[in-house]
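# Observations on the three-dimensional arrangement
For reference, the chains in residue letters:
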Amino acid sequence: MKLSKQERIATIVVLLLVILGVGIFVFIMPAIDGLSATQKNLDNKQAEYQTVTEKQARKKGLRTQIEEAYSDGEHMADMFFPELTSYEADEAMRAFLAQCEANIIVEDLTVEDPTTGTLSPYFYAPEDVVYDLKTYATQGAEPSEEEAKHEARIRELEAQLGAAQTIGASTVTFDVSAIDRSELLKFADEVNNYIINENGNSTRKAIILNGMSFSFPEVEKKYDDLVSEINEDAEEAGRRALEEETGKSSGDSSQSSSEETTGEGQENVNDEKVDVTDYVYTVSTSITFYSIERMQDPKSQLDAQDGINA
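From a predicted model like this one, the values you see are computed outputs, not experimental measurements.

### A word on the overall build of the protein chain
- The secondary structure content of the protein chain amounts to eight helices and seven strands.
- Among the 310 residues that make up the protein chain, the fraction classed as buried is 17%.
- The contacts of the protein chain with a sequence gap of at least 6 include a subset with a gap of at least 24, amounting to 85%.
- Total accessible area computed for the protein chain in this model is approximately 24,400 Å², and 54% of it derives from carbon and sulfur atoms.

So, in structure tokens, the structure goes:
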């Protein structure tokens, strides 16, 4: 079969188109896909390079911040105890009592198992009495400059102190006795101001006295005697008023009763025996020793990251 000139040209054109199409799909399209993947990979690497460059630029400043944070934390840790076992808490309590200058006696000392405690900032907030007339009178009133400064200071302290933190705690319970309540108060002050010398520095230690209360029986007796005296005067005045009103004698039974009572009281006083416990004030309370784990010095790890050999 013999093709005409036009048919041969058409056949050649078709073959060229087929070859061109096959070439596009076999060679050009894979090359385009490869170029797109390479461009994407390049963009990722450039982004990673930019991130590393930014980190590198902040590296020196970060090291400074880490070292400053460690310095602050190291100083803070000095105020606390290391985590104490039961016998170590007993030793810490005895060390405190050894330097205590208050004239007191501590008995029935019991050391509890180590546990945790929560420390949180506390700010006294006076109760605000609210009523309609006060609200009406003060509505729209701006706080004074002094009140605004005080409120700003409280907010700043709250922000700096932060939220409550849970740390280690060891509690020792005991009975403390003294012949004068002022010595008990002196003991409480010593707990609040417990300072020890460590590594040449004076450090105030984180211990807390968990409450102390005692009664004042002499004050109670004074007011009881005063009430009795007022009652006796009132009864005598009432007796006289009754006699004046009725013109009759009310008798002296109260007087004789009072004399009898006085006589009996005198006998009781003479027979009363003195007990040393009547002149000793004893309070049951406890002391908590707070502890935190000391931060590790980051210098060696930072030097390793920076390629610095010791």
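Having put the structure on the table, let's press on.
### What about unusual backbone geometry?
- For Asp108, which is not glycine, the phi torsion reads 50° and is therefore positive.
- With respect to the helices and strands, Asp108 occurs in strand S1 (residues 105-111).

### Things to note about the nonpolar core
- Ranked by internal contacts, the top residues of the largest apolar core, which has 23 residues, are Phe96, Phe187, Ile207, Ile287 and Phe289.
- Going through the elements one at a time, helix H2 (86-99), strand S3 (165-178), helix H5 (181-192), strand S6 (207-209) and strand S7 (281-291) are the ones with two or more residues in this core.
- Not counting residues within four places of it along the chain, the set of residues in contact with Phe187 comprises Phe96, Leu97, Cys100, Ala102, Ile104, Phe174, Val176, Leu209, Met212 and Ile287.
- Membership of the second largest hydrophobic core comes to five residues, among which are Phe80, Ile167, Ala169 and Ala206.

### Some remarks on the pattern of salt bridges
- The tally for this structure, following the rule as stated, stands at eight salt bridges.
- Two residues, Arg94 and Asp90, come together in a salt bridge whose shortest N-O distance is 2.7 Å. Of this pair, Arg94 and Asp90 both sit in helix H2, four residues apart, roughly one helical turn.
- Of the charged contacts, one joins Lys134 and Asp128 as a salt bridge, the two residues approaching to 2.9 Å between their closest N and O atoms.
- When salt bridges that share partners are traced, they join Glu236, Arg239 and Arg240 into one network.

Thresholds applied
Residues numbered from 1 in each chain as written. Predicted model: local features only at pLDDT ≥ 70, side-chain atom pairs only at ≥ 80, totals over all residues. Heavy atoms only, no water. Helix = DSSP H or I, 4+ residues; strand = E, 2+ residues; numbered from the N terminus. Buried < 20%, exposed > 50% of the residue type's maximum accessible area, 1.4 Å probe, protein only. Contact = heavy atoms within 4.5 Å. Areas by Shrake-Rupley, 256 points an atom, 1.4 Å probe, with all protein chains shown as cover. Core = buried A, V, L, I, M, F, W, Y, C linked by side-chain atoms within 4.5 Å. Salt bridge = Lys/Arg side-chain N within 4 Å of Asp/Glu carboxyl O.

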